[in-house]
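These are the residues of each chain, in order.
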Amino acid sequence: MQAGILDWATTTAVDLQPVLRTVAVTVAIVFVIYKAVHSKFSLGTIIVSALAAGIFVWLVFNVDQLSDTIGEDLPGGTSSSG
C-alpha cells in the first residue's frame, strides 16, 4: 500500500529536521562573523548579532515547544485544564 502525500511530507520533515538545525546553526555563526567583519569588529554589534543569532537558534530548536505554548494560549487551543 502506498503512503499518502501527508505521510510522505511528515516523514520527510522529520528526516530533514537534524539537517535543518545544522543549517540554522551554521547560518547563525556566519551571520555573527559577517556582522563582526562588516562593523570592523565593533563589540556592541558583535554582542547584538550574537544575541539575535542565539534567539534564532533557540527558536529553531524549540519550535515544537513554542508551537504547543502558543496553541494553548489561542482560543480553541488544547489545554490541560478541565
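Nothing here was measured: the structure is a model prediction, and the numbers come from that model.

A few points about the overall build of the protein chain
Right, on to step 1. In terms of helices and strands, the protein chain carries three helices and zero strands.
Right, on to step 2. Each helix (α) and strand (β) of the protein chain, taken in turn from the N terminus, gives the series α-α-α.
Right, on to step 3. In the protein chain, which comprises 82 residues, the proportion classed as buried is 10%.
Right, on to step 4. When the accessible surface of the protein chain is summed, it comes to about 6700 Å², and 70% of that surface belongs to carbon and sulfur atoms.

Concerning a nonpolar patch on the surface
Right, on to step 1. A cluster of nonpolar side chains, namely Leu-16, Val-19, Leu-20, Val-23, Val-27 and Phe-56, defines an oily patch on the protein surface of about 510 Å² accessible area.
Right, on to step 2. No other element matches the five residues that helix α1 (residues 5–38) contributes to the nonpolar patch.

Looking at α1
Right, on to step 1. If you look at α1, its biggest bend is around 45 degrees, right at Gln-17, and the proline Pro-18 turns up within four residues after that.
Right, on to step 2. Among the residues making up α1, those that are buried are Ala-24, Ala-28, Val-32 and Ala-36.
Right, on to step 3. Tucked into the core, α1 has its buried residues touching α2 (43–61).

Reading the values: the criteria
Residues numbered from 1 in each chain as written. Predicted model: local features only at pLDDT ≥ 70, side-chain atom pairs only at ≥ 80, totals over all residues. Heavy atoms only, no water. Helix = DSSP H or I, 4+ residues; strand = E, 2+ residues; numbered from the N terminus. Buried < 20%, exposed > 50% of the residue type's maximum accessible area, 1.4 Å probe, protein only. Areas by Shrake-Rupley, 256 points an atom, 1.4 Å probe, with all protein chains shown as cover. Patch = residues over 30% accessible without salt bridge, like charges linked within 9 Å, V, L, I, M, F, W, Y side chains within 5 Å. Salt bridge = Lys/Arg side-chain N within 4 Å of Asp/Glu carboxyl O. Bend = angle between axes of the 7 residues up to and from the residue. Contact = heavy atoms within 4.5 Å.

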